[in-house]
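# Coordinate inspection notes
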Amino acid sequence: MLKNLLTSILRCKAPAPQQAHADYPGKFTFAADGLQTVHNAGFLDDTRFRESYALGANSGHRICAPADLHIEWRVYICCWAAQHGLKLRGDFVECGVSTGIVSRAVAHYVDFGRQQKRYWLIDTFDGIPLQQASAAELSLARSKNDRHYYDCYPDVKAHFSRYGNVEVIKGRVPEILDNLDIAAVAFLHIDMNIAEPEVQAMRHFWDKLTPGAAVVFDDYASMAHQAQKAALDAFAASRGFAILSLPTGQGLALKN
Ligand SMILES: C[S@@+](CC[C@H](N)C(=O)[O-])C[C@H]1O[C@@H](n2cnc3c(N)ncnc32)[C@H](O)[C@@H]1O
């Protein structure tokens, strides 16, 4: 069944190339998700990446049709950061899992079942807690809850049951974090769509991150999520580091 799924998904079209800027002779190699570029996007042709992306895109999310999602570059960045984390001490953690677009892709990409690590997937599985949203964030948070989020906990549990080392945790950040036995972190993905729990997650995990570990913030540079950038920048300044703004809309930090 997995093989059939992958075969059908691998037929998904890559983003349609368009004519690039007149200064560049080529065509866009990637034009989707708020990003268009003429630069090398060779990862789109990598079989392991395509299988991984397909698993995430077909995870049952309600964002759009799987073939229209086209967040390949964002998922690729997470796959790279996770691959990098394999060499570091500690577990993988994601705060904000939903159906598991990123986590299903990452787990396949790094063959997580064979790793001597645990992958902690933490979500309310009940949408964004609106009490945590600021006045400026409330309208978008409510709209995302209505349009995108549903109780996908059983589906996520079922998918990851094939991995003996993935923990799917239903609970709210930050309260749930103290209940989890996570001593060291080698890769952290933060994607909760509002500032308050994202900063709380960083407060909890910063000292647990192994030096060299990457933290990827899904919404950091998104113009729809400016409150997250402001709050995360303030946290970063308080700890003496800076978050790299990526053209995908993500942010990237490295533990020093
Ligand atoms: C954008 S989705 C995550 C998408 C996911 N990273 C993926 O790859 O498919 C945001 C998720 O954050 C969760 N969330 C928001 N605030 C949370 C909180 N305080 N604690 C736990 N989960 C939260 C929501 O339930 C929602 O599923």
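Everything here concerns the structure above.
The present account deals with the structure reproduced in this document. (Residues numbered from 1 in each chain as written. Predicted model: local features only at pLDDT ≥ 70, side-chain atom pairs only at ≥ 80, totals over all residues. Heavy atoms only, no water.)

## Observations concerning the site of the ligand
Put simply, the test is: Working definition: residue near molecule or strand if any one of its non-hydrogen atoms lies within 4 Å of it. For the purposes of these results, a polar contact is taken to be a pair of N or O atoms within 3.5 Å, where, inside protein, one atom must be able to donate a hydrogen and its partner to accept one; residues adjacent in sequence count only when each atom of the pair is a side-chain atom. To measure how exposed things are, a 1.4 Å probe is used in the Shrake-Rupley method; for residues, cover is taken only from the protein chains shown. Throughout, the ten residues Ala, Val, Leu, Ile, Met, Phe, Trp, Tyr, Cys and Pro are labelled nonpolar, Asp, Glu, Lys and Arg are labelled charged, and all others, Gly among them, are labelled polar.
Gly96, Val102, Asp123, Gln132 and Asp191 are the nearest of the 21 residues found near the ligand. Here Ile101 contributes a backbone N or O atom positioned 3.0 Å from an oxygen atom of the ligand. In the environment of the ligand, a nitrogen atom lies 2.8 Å from a nitrogen or oxygen atom belonging to the side chain of Asp191. The fraction of the free accessible surface of the ligand (600 Å²) that becomes covered by protein chains is 95%. Split by residue class, the shell around the ligand holds 9 nonpolar, 8 polar and 4 charged.

## Here we look at the nonpolar core
Basically, it comes down to this: In this text, buried Ala, Val, Leu, Ile, Met, Phe, Trp, Tyr and Cys residues form a nonpolar core when linked through side-chain atoms within 4.5 Å. The buried label goes to any residue with under 20% of its type's maximum accessible area, the exposed label to any with over 50%, and the partly exposed label to all in between, with areas taken from a 1.4 Å probe on protein chains only. When checking whether two residues touch, look at their non-hydrogen atoms; a contact exists if any pair is within 4.5 Å.
If you look at the biggest cluster of nonpolar residues, it comprises 75 residues, and the most contacted ones within it are Ile122 and Met202. In contact with Met202, other than residues within four places in its own chain, are Leu188, Ile190, Val215, Phe217, Leu232, Phe235 and Phe241.

## A look at unusual backbone geometry
Most peptide bonds are trans, and most residues other than glycine sit at a negative phi. Under the convention used in this document: Numbering of helices and strands starts at the N terminus; helices are DSSP runs of H or I of at least 4 residues and strands are runs of E of at least 2.
Of note, the bond from Val173 into Pro174 is cis; its omega dihedral lies within 30 degrees of zero at 10°. Mapped onto the elements of the fold, Pro174 is located in the loop between strand 5 (166–170) and strand 6 (185–190). One non-glycine residue, Asp33, lies in positive phi territory at about 55°. Relative to the helices and strands, Asp33 is located in the loop between strand 1 (30–32) and strand 2 (35–37). If you check the backbone angles, Ser98 has positive phi at about 50° while not being a glycine.

## A closer look at the side chain of Gln228
With respect to the helices, strands and loops of the structure, Gln228 is situated in helix 8 (residues 226–239). A relative accessible area of 1% means that Gln228 is categorised as buried. Of note is the side chain of Gln228, whose polar atom sits 3.1 Å from the side chain of Asp219. Each residue touching Gln228, except ones within four places of it in the same chain, is listed here: Glu137, Asn193, Ile194, Ala195, Glu198 and Asp219.

## Focus: the packing of aromatic side chains
Note the following rule: Only the six-membered ring of Trp is used, alongside the rings of Phe and Tyr, when aromatic pairs are assigned; centres must lie within 6.5 Å, and planes under 30 degrees apart are stacked while those over 60 apart are edge-to-face, with the rest tilted. Over a ring means this: the NZ of a Lys or the CZ of an Arg is within 6 Å of the ring centre and within 35 degrees of the ring normal.
In the structure shown here, the tally under the stated rule is 15 aromatic pairs. The ring of Tyr150 is capped by Arg62, whose NZ or CZ atom sits 3.7 Å from the centre of that ring. Between the NZ or CZ atom of Lys170 and the centre of the ring of Tyr153, over which it lies, the distance is 5.8 Å.

## Considering the side chain of Glu94
The condition is simple: Just so you know, the count uses Lys and Arg for positive and Asp and Glu for negative, and it drops His and the chain ends. The salt bridge definition used is simple: a Lys or Arg side-chain nitrogen within 4 Å of an Asp or Glu carboxyl oxygen.
For Glu94, the location among the structural elements is in strand 3 (residues 91–95). Of the side chains bearing the opposite charge, Arg104 lies closest to the buried Glu94, which forms no salt bridge; the N-O distance is 9.1 Å.

By themselves, these are just geometric observations and shouldn't be taken as functional.
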